[in-house]
Amino acid sequence: YDVSVRLPIFDGGGMRRDAMTAQTLAAAQGLENTLRVASSNLRESYGAYRTAYDVSRQYKDQVLPLRKQIAEESVLRYNAMLIGVFELLADARDQVSAVIAAIAADQQFWLADAALQAQIMGLLAELKRDLGMAMIFITHDIGLVANIADNVLVMHEGKAVEQGPIDTVLDS
């Protein structure tokens, strides 16, 4: 005769709890890794943004005023017949070159600003998607609102003017 008896194994949820703990730790590790990479990328983008800003301010605050002063002095020297027309034209050409360089510096600043803004918005959207988190975003930039918001509240002078889903509010 062959007799078999099945004994039930009672599990108080320890195995399931251990698996969930391991999953949680893996998710936390992945989030920490993502944040570390994002932080590094943001630091790099901010460095480029700040450098472009400093160069742009340098042109606006120092280079252009000095070029203007040099041009004014050149006109005075020309009027006093101390320099000729070609020197006056050379100074005018140098002033135009300084203005062009200032415009190029402004362009680099705005490009770096847009890149930094896009990177921050991408990171916020990724966090929103991955963690399912909600956020309150306060801005004057409707383009950012259109890209990141699901619902929007429009305020004017501290009072709510309009609110609802982003598509409805932007269409009105």
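Provided above is the structure to which this section pertains.
Residues numbered from 1 in each chain as written. Predicted model: local features only at pLDDT ≥ 70, side-chain atom pairs only at ≥ 80, totals over all residues. Heavy atoms only, no water.

## Digging into unusual backbone geometry
And step 1. We note that Met-81 has phi near 60 degrees; this positive angle belongs to a residue other than glycine.
And step 2. Within the secondary structure layout, Met-81 lies in the loop between helix H1 (14-79) and helix H2 (85-131).
And step 3. One non-glycine residue, Glu-157, adopts positive backbone phi at about 55 degrees.
And step 4. With respect to the element layout, Glu-157 can be found in the loop between strand E1 (151-156) and strand E2 (159-165).
And step 5. Owing to a relative accessible area of 70%, Glu-157 belongs among the exposed residues under this scheme. (Helix = DSSP H or I, 4+ residues; strand = E, 2+ residues; numbered from the N terminus. Buried < 20%, exposed > 50% of the residue type's maximum accessible area, 1.4 Å probe, protein only.)

## Some remarks on H1
And step 1. In a regular helix each residue adds 1.5 Å, so 66 residues correspond to 98 Å; H1 covers 95 Å between its end C-alpha atoms and thus fits that length.
And step 2. Of all the bends found along H1, the most pronounced is centred on Tyr-59 and spans about 40 degrees.
And step 3. The complete set of buried residues in H1 reads Gly-14, Ala-38, Ser-45, Tyr-49, Ala-52, Ser-56, Arg-67, Ala-71 and Ser-74.
And step 4. Buried residues in H1 make contact with H2. (Expected span 1.5 Å × (residues − 1). Bend = angle between axes of the 7 residues up to and from the residue. Contact = heavy atoms within 4.5 Å.)

## Considerations on the environment of Ala-134
And step 1. Here Ala-134 shows up in the loop between H2 and helix H3 (142-148).
And step 2. Judged by its relative accessible area of 73%, Ala-134 falls in the exposed class.

## Structural notes on the layout of surface pockets
And step 1. Counted as a void, the largest pocket has a volume near 680 Å³.
And step 2. Phe-137, Ile-138, Val-145, Val-152 and Leu-153 are the residues nearest the centre of the largest pocket, which is lined by 21 residues in total.
And step 3. Among the secondary structure elements, those contributing two or more residues to the lining of the largest pocket are H3, E1 and helix H4 (166-171).
And step 4. For the lining of the largest pocket, the element with the highest residue contribution is E1, accounting for 5 residues.
And step 5. Grouping the amino acids of the lining of the largest pocket by side-chain chemistry returns 16 nonpolar, 3 polar and 2 charged. (1 Å grid on protein atoms, 1.4 Å probe; cavity = no way out; pocket = protein on both sides within 12 Å on 5 of 7 lines; lining within 4 Å. Points joined across faces, edges and corners; volume = space filled by probe spheres on them. Nonpolar A, V, L, I, M, F, W, Y, C, P; charged D, E, K, R; others polar.)

## Some words on the packing of aromatic side chains
And step 1. Taken as a whole, this structure holds 4 aromatic pairs when the rule is applied.
And step 2. Ring geometry for Tyr-53 versus Phe-109: centroids 5.6 Å apart, planes at 55 degrees, classification tilted. Remark: Phe-109 occurs in helix H2 and Tyr-53 occurs in helix H1; sequence separation between them is 56 residues.
And step 3. Classification of Tyr-53 by relative accessible area gives partly exposed; the value is 29%.
And step 4. Look at Phe-109 and you get buried, because its relative accessible area is 9%.
And step 5. Note on Phe-109 and Trp-110: the rings are 4.8 Å apart at their centroids and 65 degrees apart in plane angle, and the pair reads as edge-to-face.
And step 6. A relative accessible area of 53% places Trp-110 in the exposed class. (Phe/Tyr/Trp six-rings, centres within 6.5 Å; stacked < 30°, edge-to-face > 60°.)

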